[in-house]
Structures are given as structure tokens and as C-alpha cells.
Amino acid sequence: MHASRGTQKRSAGLGLALLSAFAFGGSGVAAKPLIEAGLDPLHVVWLRVAGAALIMLPVAWRHRNLVRERPALLAGFGLFAVAGVQAFYFAAISRIPVGVALLVEYLAPALVLGWVRFVQRRPVTRAAALGVVLAVGGLACVVEIWAGLSFDALGLLLALGAACCQVGYFVLSDHGGQEGKGGDGRSVEPPPPLGVIAYGLIVGALVLTVVARPWGMDWSLLGGTAGMNGTGVPAWVLLGWIVLIATVLAYGTGVVSVRMLSPQVAGVVACLEAVIATVLAWVLLGEHLSAPQLIGGLVVLTGAFIAQSPAPKPPSGPVAAGAGAAAAATESELSAGRASH
């Protein structure tokens, strides 16, 4: 009986994890037509974050104690993991293919290892170092470096900016997985991931309101259509997908799936996001990648997965084997609902 329940729970968790990866992977495909229709990338980001924040208000109210207990974590998460990652990513896809932008962003685990090794001066495992080498080598194939960076250089830099903001997210997740001190000096438990995500969206919406200045947006574009590989799609349908599916549903199913699976299994499924995004962009937007780029993309994902794989802690202390290794469970729950896409 217990084995049957465990199998059912695992199957349900895998289904939710796949749904989350599909939902996250479709954000860029839905956003790019809106950008090409005339909406500024920052305005699309603001619409996404503000809409999702509005829907997540009940969750934020339920976890309102986080404002008092973890104000710095919430502010940093909203600034980097929400506003920074999404703004850079949407700006990048306005200039380069969706799949390429997302694969560049998958350099984040490799960059985190650089932070751990050279800033925190903690050792890293050989497997993690191998993951970095694979990710960088695969990226060279994705951008076809032998052709002299045939892609838009600014677009690549914007995607790299998203990766750097993702590093901030991983570092914050590491700290967020540890016990903290409340306002009265008492120890408080690690914050619930959904609460952090809800407040991250609220903070991100406030920051983006100042940066994007949505009052200058051409709102009439939302009543028109956007071209998706020659087919006109109502703009409000694409926006609804971005807010409801690629944000709210993706976060919810991602966090629940991690709690039903192990963080390692959920992390493997999360890597499918880049594959799903590339395939959807290929089918719906006509963005074709060459064979070397596809091979390079697989190498990037392999390197990213290895770089994030936690290793057993030796008696002498923790060894950094990937992003957020000191708080793998909490980091992975947040990762399943990361606000990067």
C-alpha cells in the first residue's frame, strides 16, 4: 500500500514538473510576438510581473510575516530574480532567438561556481568544474563562435545579464534556506518558497513600474493581434498565457512538484525548460537552429545539470558542488518556481 502511494506520488510529481517546465518554456514564445508587434520589452515584463503579483496577493497576505522576518531576502529576490532576470531575458529575445537566449542564461550555474570558488573561496568538486567546462564549450557552439559571433552582440550581452541576475537569485536562495533572526531576535524557520515568490513578484512589479513607466505604454496594442510565424493571434491571449500559464501556473506546479519529488529529480526535469522553449520557438516562431547549435545546447544543459548536482558533504565542512549547495532543498523549491522566464 505504501509503495503504491509512493509510486502515485512520484508519478504525479513528475507530471507537475513537466507541466511547470512546459509553462516556463512557453513564456518567451508568447512574449516575442508582442514585442515584435510594437510593445517595449520592459512593458511586456511589467505586464507579466504586475499581473502575476496581483493574482499572488492572497499568498503574500498569508505569509505577511515574511516582510518583518526577511525584508532583505524579499527585496533582493524581487530585484534580481524577478525584475532583473525577466527584463534582461525579454530584451534579449527581442534581438536573438528564444532558444539561444535561454541557453546563454543557463550559464548561471557555471557563474555561481565562479562566485563560490573565487569570492567565497570555497572548494568545488571536480564534477562541478567539469560542468562549467561543458557549459562554456556548449555555449561556444550555440553562438557559433567560429563564425565570429554571427548573433547580435547586444542580444548576447543582454542574455548574459539575465544569467548574472540568475546568479544573484541562486546566492539569495542559498541564504534564504538558512534560519534567520526575526525582529525580536528569535530564530525563524527558512521562508516558504511560495511566500518568497509572491513577495518577489510584488517587489519586482514595484521596481519595474519605476523603470518601465507603463503609463507611456501603447495600450491599444493589447486589443490588436500579434504575428506568430505568419498567423495572427490576439495580443490579450498571448498576455494571458504569459501571466496565468507561464508565471502563476508555472510557479505553483513547480514548487508542488519539488515537494513531491527529490530536489535532484526536479532539477533534471527543470532542465527540459530550455529544450521545450527551443522546440516551441522552432514550431511556433520558425526559429530554426543549426545542428551544431542543437548539439551545443545539449552540452550546455548537460554542463548546467552537472554543475548543479549536489555532492555529499565531507566531515571537514561543506564542499560547493553547485548553485545553492548549502541549502539544496529550499533552493530547488525556489528554482522550480524561478522567475527567470
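In the block above lies the structure referred to throughout.
Reference entry: report on the structure contained in this document. (Residues numbered from 1 in each chain as written. Predicted model: local features only at pLDDT ≥ 70, side-chain atom pairs only at ≥ 80, totals over all residues. Heavy atoms only, no water.)

Quick notes on the side chain of Thr-278
For the record, the criterion: Going along the chain from the N terminus, every DSSP run of H or I of four or more residues is numbered as a helix, and every run of E of two or more is numbered as a strand. Only protein chains enter the area calculation, which uses a 1.4 Å probe; residues under 20% of their type maximum are buried, those over 50% are exposed, and those in between are partly exposed. Working rule for contacts: check all heavy atoms of both residues, and any pair within 4.5 Å makes them a contact.
Inspection of the secondary structure puts Thr-278 in helix α14 (residues 272-285). Residue classification places Thr-278 among the buried positions, given a relative accessible area of 11%. Setting aside chain neighbours within four positions, we find Thr-278 in contact with Gly-99, Leu-289 and Leu-294.

Here we look at the nonpolar core
We apply this condition: Buried Ala, Val, Leu, Ile, Met, Phe, Trp, Tyr and Cys residues form a nonpolar core when they are joined through side-chain atoms within 4.5 Å.
By size, the foremost hydrophobic cluster in this structure holds 78 residues, and its most contacted members are Leu-34, Val-44, Tyr-89, Phe-90, Ile-93 and Leu-201. The biggest single contributor to this core is helix α6 (residues 71-93), with 11 residues. Each residue touching Ile-93, except ones within four places of it in the same chain, is listed here: Gly-28, Ala-31, Lys-32, Ile-35, Val-98 and Ala-101.

Considering helix α11 (residues 193-212)
Quick reminder of the rule: Expected span of a helix: the number of residues minus one, times 1.5 Å.
Relative to the 28 Å expected for 20 residues at 1.5 Å per residue, α11 spans 27 Å between its end C-alpha atoms, a close match to the ideal helical length. Of the positions making up α11, those classed as buried are Pro-193, Gly-195, Val-196, Ile-197, Ala-198, Tyr-199, Gly-200, Leu-201, Gly-204, Ala-205, Leu-208 and Ala-212.

Brief notes about the packing of aromatic side chains
The test is simple: Each aromatic pair joins two rings of Phe, Tyr and Trp (for Trp, the six-membered one) with centres within 6.5 Å, and gets the label stacked for planes under 30 degrees apart, edge-to-face for over 60, and tilted for any other angle. Note on criteria: charge over ring means Lys NZ or Arg CZ within 6 Å of the ring centre, with the direction from the centre no more than 35 degrees off the ring normal.
Summed over all chains, the structure comprises four aromatic pairs. Relative to Trp-219, the ring of Trp-46 has its centre 6.2 Å away and its plane inclined at 90 degrees; by these criteria the two rings are edge-to-face. In this pair, Trp-46 sits in helix α3 (residues 41-55) while Trp-219 sits in the loop between α11 and β3 (225-228), placing the two residues 173 residues apart along the sequence. Note on Trp-46: relative accessible area 15%, which makes it buried. When the centroid spacing of 5.8 Å and the interplanar angle of 45 degrees are considered together, the rings of Tyr-89 and Phe-90 count as tilted. Note on Tyr-89: relative accessible area 1%, which makes it buried. With a relative accessible area of 0%, Phe-90 lands in the buried category. The ring of Trp-61 carries the charged tip of Arg-64 above its face, separated from the ring centre by 4.3 Å.

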